[in-house]
Amino acid sequence: MATPEFDSDVLIVGSGASGAAAAWSLSRRGLRVTCLEQGRWVKPSDYAHSRPDFELARQTSFAKDPNVRGWAEDYPINNSGTPIYPLMVNAVGGSTVHWSGHFPRMRPSDFRVRTLDGVADDWPFTYWDLEPYYDLNDSMVGVSGLAGDPGNPPRSPRQTPPLAFDAGCEAYLRGLEKLGWHWWPCDNALISEPFGENRSPCNCCGPCDIGCPIGAMSSAHVTYWPKALAQGVQLITHARVEQITVDRAGRATGALYYDDQGVRRSHTAGVVVMAANGVGTPRLLLNSTSARFPNGLANNSGVVGAYLMFHPVAFVSGVFEEVVNGQRGPIGGLMNCQEFYETDLARGFVRGFELQLSRSVGPLSVANGGILGHPVPWGSEHHEALRSRYAHTMTTSVMLEDLPEPENRVTLDPGLTDAHGIPAPRVEYRAGENTQRMLEFSIARARELFEAAGAVEILVDPLVQESGWHLMGTCRMGDDPERSVINGWGQAHECSNLFVIDGSTFTTSAAVNPTSTIQAVALRCADWLGRNYREAAA
Amino acid sequence: MTARILTPEELALLTLVQDELVPAHGDLSAAGTLGAALTVDAYLAERPLLRRPVLTALRAVEAAAGETPFAELDSEGRVGILRQVENDDPEAFSELVKQTYNAYYTRPDVQASLGIDGPPQPLGFELPAFDESRLARVRAMGKLWRDA
Ligand SMILES: Cc1cc2nc3c(=O)[nH]c(=O)nc-3n(C[C@H](O)[C@H](O)[C@H](O)COP(=O)(O)OP(=O)(O)OC[C@H]3O[C@@H](n4cnc5c(N)ncnc54)[C@H](O)[C@@H]3O)c2cc1C
Ligand code: SF4
């Protein structure tokens, strides 16, 4: 036992993508690890996939916006200051409980944007420093895909082969081949063949965004958690953390939380690790004020909560004459087009984007606007319009790099609180000029692709409101304590036994989905903490 | 089955409105005739936040019909009223449409008419395997990433 005077050696707040990975890594070294998670285990019977009304779950029990879903475990978010709503899941496994599992890696240039392109900041480490942890993470969670993409550095063989290639892929391919653009089958955090325990391979049922009832999706509650629990990690569910406690010297001592009966409790630990995501972590640090940290824990710099990045997303859908059955097969990425990923200033902006070539949804969601918010008209044209779109549509997400700006931030709302009276977060965000120029250009490219592919109708949502899936940058990493909250090991500059390991660590956002990087960063930080626990806790 | 939230008059009006929103198609009756109004009533019972927009839209339909009750109008007249309400209060009206679509497209008979023979699980779908030979052109593109 490293620090017997505390309830635990390490206290992790949040059991999502990063918290689960760190719990597994730290417990492997024999440390006593406790994780406080405000949510619960999602049970197999909670999933709607076996019911004819499964698509309703998108609007109700499995809605991605916690303000809409309104589980008792959710907390409210004041979204009035942002055109993009933050989305998340508050449960064991966090936001990986219902997600799309699109699992690309960042590229080497993504870690060096100041050096290469003169914008934002470099990360405090390189792609090559992170590569072993990407590999370790993939081997833990199980990824389907194919190594050999010329758009990315060589990588280890994927755990299971790429997913099916159906009529929708053929449609995309027509366009890609005509234009001569890059594409590659996506890495996906889901298994196409047997892998791991108590998991079935994907049977292409479709709606991954309302969870995966058979464990094919590599969500943290089916990948890391069973292993972490077997290694002795104590996971306390329905435990809502109110604040991180500190001693007079300003060292973290643990957390105050409300248990499942609403009783306020304290848990002490030698080291506290924040894994509550890019909104939840700054919210808790800002709420943890003390004489030493009047503006919130580790926030004498004022950087906690600032530099919030989303990936502003546009959806572009192509409607085809032929049946493409976009509702069959995992909804997320089938193929990636990274033709426009690296900076080319002739395009009028710095940095780049990817086209995430995805599938579509069932008839109810199509009627209500599909992925795009273009409802099918009612009345005499209804049936014809519905039938021309349903099973005939493929949707591409334009995912672009969002540059960090200090004005985009998470703060504490002065009035709104959660069910325990804890101040709720308020999110302020606007897409910067570079982003807006890139959005315009990238939507035009997605249109060009669908035109080349022969789509008969093209529908566009130029900035999707419900697209704050990726919550990044609000406790950013860096070497400069004036411009960052933590160092390259996740250790707070102002509080050496406080670590942050979730999406808020991102120095810059890259133009790919973040979770493979979030988990690789969490494993790297946990590895360092495991090796240096005594010094960190001292 | 009786409604839990809607009065019998509101239920009858909603049924007529839904028949215009999603008319009959092939062998399938229109949404209202199929019973979508009772399903929407159940949604209103389960999700109180839906009540205000849906009831607001229904009342607006009634008010717009004026002297001649909505039920006594022909289909063209009813559609005219609905367009007017949609124009005047798009938010409330779109919620009414959305809940009607919800009630209609979650019915197995409606899904069957679209070729859907059951929910996604447990059977899923069988799709063709990925064919690596399709990547020949892209493989030949050479390194496309910047080292750093
Ligand atoms: C619908 C949807 C689709 C997505 N699709 C993709 C995708 O295809 N690819 C991809 O890479 N990413 C995707 N994401 C994003 C991905 O899920 C997140 O990037 C990832 O889960 C973030 O990991 P994290 O560890 O930072 O936080 P999370 O996984 O969000 O975990 C945070 C945990 O902390 C807990 N917590 C927060 N506050 C408290 C508190 N006060 N007390 C106790 N516990 C607390 C929460 O309950 C939660 O369980 C998607 C997200 C959503 C919502
Ligand atoms: S498509 Fe595959 S991964 Fe997605 S929910 Fe269905 S079985 Fe799970």
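Below: a short report on this structure. (Residues numbered from 1 in each chain as written. Chains lettered and ligands numbered in written order. Predicted model: local features only at pLDDT ≥ 70, side-chain atom pairs only at ≥ 80, totals over all residues. Heavy atoms only, no water.)

**Things to note about the site of ligand 2**
Near ligand 2 there are 13 residues, and of these Cys202, Cys205, Gly206, Cys208 and Cys212 of chain A occur at the shortest range. Residues lining ligand 2 come from chains A and B. Among the residues making up the shell around ligand 2, the classes are represented as nine nonpolar, four polar and no charged. (Near = heavy atom within 4 Å. Nonpolar A, V, L, I, M, F, W, Y, C, P; charged D, E, K, R; others polar.)

**Notes on the site of ligand 1**
Residues and elements named next belong to chain A. Neighbouring residues of ligand 1: 37 residues in total, closest Ser18, Glu37, Ser95, His102 and Thr515. Within the side chain of serine 95, an N or O atom sits 2.7 Å from an oxygen atom of ligand 1. When ligand 1 is considered free in solution it has 990 Å² of accessible area, and contact with the protein chains removes 98% of it. Within the residue set of the shell around ligand 1, elements represented by two or more residues are helix 1 (17-28), strand 6 (240-246), helix 7 (277-287) and helix 11 (515-531). Taken together, the residues that form the shell around ligand 1 break down as 15 nonpolar, 18 polar and four charged. (Polar contact = N/O pair within 3.5 Å; in protein donor to acceptor, adjacent residues only side chain to side chain. Areas by Shrake-Rupley, 256 points an atom, 1.4 Å probe, with all protein chains shown as cover. Helix = DSSP H or I, 4+ residues; strand = E, 2+ residues; numbered from the N terminus.)

**What to know about the packing of helix 1 of chain A against helix 11 of chain A**
Helix-helix packing is characterised by the crossing angle of the two axes and by the distance between the axes. All names here are of chain A. Where helix 1 contacts helix 11, the axes come no closer than 8 Å and their chain directions differ by 30°. Considering the angle they form, helix 1 stands roughly parallel to helix 11. As for the relative orientation of helix 1 and helix 11, their crossing is right-handed in sense. When helix 1 is examined against helix 11, the residues Ala17, Ser18, Ala21, Ala22, Trp24, Ser25 and Leu26 are found in contact with a partner set consisting of Thr515, Ile518, Gln519, Ala522, Leu523, Ala526, Asp527, Leu529 and Gly530. Tallied by class, the residues present in the contact of helix 1 with helix 11 amount to ten nonpolar, five polar and one charged. (Axes fitted to C-alpha atoms, helices over the stretch in contact; angles between N-to-C directions. Parallel < 35°, antiparallel > 145°, perpendicular 65-115°, else oblique. Left-handed = near helix turned anticlockwise from the far one by under 90°. Contact = heavy atoms within 4.5 Å.)

**Looking at the interface of chain B and chain A**
In this complex, chain B contributes 51 residues to the contact, which on the side of chain A involves 65 residues. Summing the contributions of chain B and of chain A, the shared interface buries around 5000 Å²; its carbon and sulfur component is 62%. Counting every contact that joins chain B to chain A gives four salt bridges. Across the pair arginine 146 of chain B and glutamate 342 of chain A runs a salt bridge whose closest N-O atoms are separated by 3.0 Å. Every element with two or more residues in the side of chain B that touches chain A is listed here: helix 1 (8-21), helix 4 (75-88), helix 5 (90-105), helix 6 (108-113) and helix 7 (136-139) of chain B. If you tally residues by element for the side of chain B that touches chain A, the top one is helix 5 of chain B, at eight residues. Across the side of chain B that touches chain A, the residue classes tally to 30 nonpolar, nine polar and twelve charged. (Buried area = accessible area lost by both parts, 1.4 Å probe. Salt bridge = Lys/Arg side-chain N within 4 Å of Asp/Glu carboxyl O.)

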